[in-house]
Structures are given as structure tokens and as C-alpha cells.
Amino acid sequence: MLLKLYDKNNNPQDLQRIIDILNDGGLIIYPTDTMYAIGCHGLKERAIERICRIKEIDPRKNNLSIICYDLSSISEYAKVDNNIFKLMKHNLPGPFTFILNGTNRLPKIFRNRKEVGIRMPDNNIIREIARLLDAPIMTTTLPYEEHEDLEYMTDPELIDEKFGDIVDLVIDGGIGGIEPSTVVKCTDDELEIIRQGKGWLEEV
């Protein structure tokens, strides 16, 4: 099912429907400031397992990522020292994934790796959903095969045509991007950019 949302002034009933789906362990596809992504309530292990199966990712080998609404909610789920906090404050919201050590507030499926990717996209639609949910949203890019037409990653109507059967809702937030987030590993003493994507990190 496809639901059109806008940067602001969305119908509260539409937003509540999305929150209900996430609270019930459902999956949604939504826009970010990089590419369209698939996600679920970040504290519901069964929903996270569903996404891992769809993406064919092994949570013991792959870092999982969550979207947080703001910096204070990030510190509930990840260990953030002063320097990292300043760096994130300077660069977020934005097209970055910060790899941090997770806290025990996260479900067991995250603790296999001890690390968690933190996203705070510069996209009002998904940030508003995270705010209303009052919980992190587990997030990952859509499954994509290299021979596929890029429109199946960027056009919400085609995304719904392809993935509508395996998720509970596709949010149409306009045409999406094709560039992933920049991944910044912050778990050691030195920062390391392990994937250069759309975001250019400004150090403070």
C-alpha cells in the first residue's frame, strides 16, 4: 500500500497509522536524505529478523543501523563521548551513518556485534515518524540487484510495485536518491570513514 506524505502538515491520522504499523511489528519503506529504505520498530526483535531475512543479512556479521529522532535519543542506544557528540551535533541531521558501541537498551540481535549504526537523516518525514514513535527505527537500504533499473530504487510507485507485498506500507515522499550515506566508524580512538557516500564529514 502506498501513502503520500509531505515535509510538513501531514494528516495526523496518516501518521498514527504508520506508528500503529510499527508498534505492531510491521515493516515500512520510507524516504531518507539519501536513498529509500526499509525499516521497523528498532526494539522489536522479530520485525528486525524479518528485515534481515529480506535483505539476506546475518546480524552476527553485519552491523545493523537505527534512525534516532535527536541527539539525546542517540545517547540512550549508543555510547557517545564528548568529541563524538560534538562531531554528530555539527553534522546531523545529515547523510551519515555513525558506527558506535551500542548500549544494552538495544535488543539482543544488535548485541551480537556490540556496535550499532546511527542515522539521523535530514528528512522531515522519517524524523517525524521517529519522534512520534518515541523509539528508534531499525533501517537498511532496499534490496537491490545491480542489473535492475534504478527507478525501482527511487520511484515510490515502482518501489511499491516491487516490494509492496513484503512490507505493510510504502511511504511516497517523492523521488529518492541513489547515493548511500557516508559511514563513519567511531568505535576506536581515531575516526575512520569506511564508506564515502553522499555526506562530506566536517570535523570540529
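Residues numbered from 1 in each chain as written. Predicted model: local features only at pLDDT ≥ 70, side-chain atom pairs only at ≥ 80, totals over all residues. Heavy atoms only, no water.

**Some words on helix α8 (residues 156-163)**
Of all the residues in α8, the buried ones are Pro-156, Leu-158, Ile-159, Asp-160 and Phe-163. Where α8 is buried, its residues touch β1 (2-4), β2 (28-30), α7 (151-154) and β8 (169-172). For α8, the side-chain oxygen to backbone nitrogen distance between the N-cap and Glu-157 is 2.9 Å, and the N-cap itself is Asp-155. (Buried < 20%, exposed > 50% of the residue type's maximum accessible area, 1.4 Å probe, protein only. Helix = DSSP H or I, 4+ residues; strand = E, 2+ residues; numbered from the N terminus. Contact = heavy atoms within 4.5 Å. Polar contact = N/O pair within 3.5 Å; in protein donor to acceptor, adjacent residues only side chain to side chain.)

**Some points on the layout of surface pockets**
There is about 500 Å³ of room inside the largest pocket. Taken together, 24 residues line the largest pocket, and the ones lying closest to its centre are Ser-65, Thr-139, Thr-140, Thr-141 and Arg-195. Looking at the lining of the largest pocket, the elements with two or more residues in it are β4 (65-67), β5 (94-101), β7 (137-141) and β10 (192-195). At four residues, the largest contribution of residues to the lining of the largest pocket is made by β7. Partitioned by chemical class, the residues of the lining of the largest pocket number 11 nonpolar, 10 polar and three charged. (1 Å grid on protein atoms, 1.4 Å probe; cavity = no way out; pocket = protein on both sides within 12 Å on 5 of 7 lines; lining within 4 Å. Points joined across faces, edges and corners; volume = space filled by probe spheres on them. Nonpolar A, V, L, I, M, F, W, Y, C, P; charged D, E, K, R; others polar.)

**A few points about the pattern of salt bridges**
Once their charged atoms are close, side chains differing in charge can pair, the charge on each being opposite to the other. Scanning all chains against the criterion turns up nine salt bridges. Of the charged contacts in the structure, one is a salt bridge between Asp-172 and Lys-4, with a shortest N-O distance of 3.5 Å. One end of the pair, Asp-172, is in strand β8; the other, Lys-4, is in strand β1, with 168 residues separating them in the sequence. The class for Asp-172 is buried, based on a relative accessible area of 12%. Residues participating in the shared-partner salt-bridge network are Asp-58, Arg-60 and Lys-61. (Salt bridge = Lys/Arg side-chain N within 4 Å of Asp/Glu carboxyl O.)

**Focus on the UniProt feature "domain: YrdC-like" (unreviewed entry) in the chain**
As recorded in UniProt, the sites labelled "domain: YrdC-like" (unreviewed entry) are residues 12-199. Helix and strand shares over residues 12-199 are 35% and 22% respectively, and the end C-alpha atoms of the span are 31 Å apart. (UniProt positions renumbered as here; feature names shortened; annotations may be inferred.)

**Regarding the packing of aromatic side chains**
The tally for this structure, following the rule as stated, stands at one aromatic pair. Measuring from ring centre to ring centre gives 6.0 Å for Phe-96 and Phe-98, while their planes differ by 35°; the resulting arrangement is tilted. Residue Phe-96 is classed as buried on the basis of its relative accessible area of 4%. Classification of Phe-98 as buried rests on a relative accessible area of 0%. (Phe/Tyr/Trp six-rings, centres within 6.5 Å; stacked < 30°, edge-to-face > 60°.)

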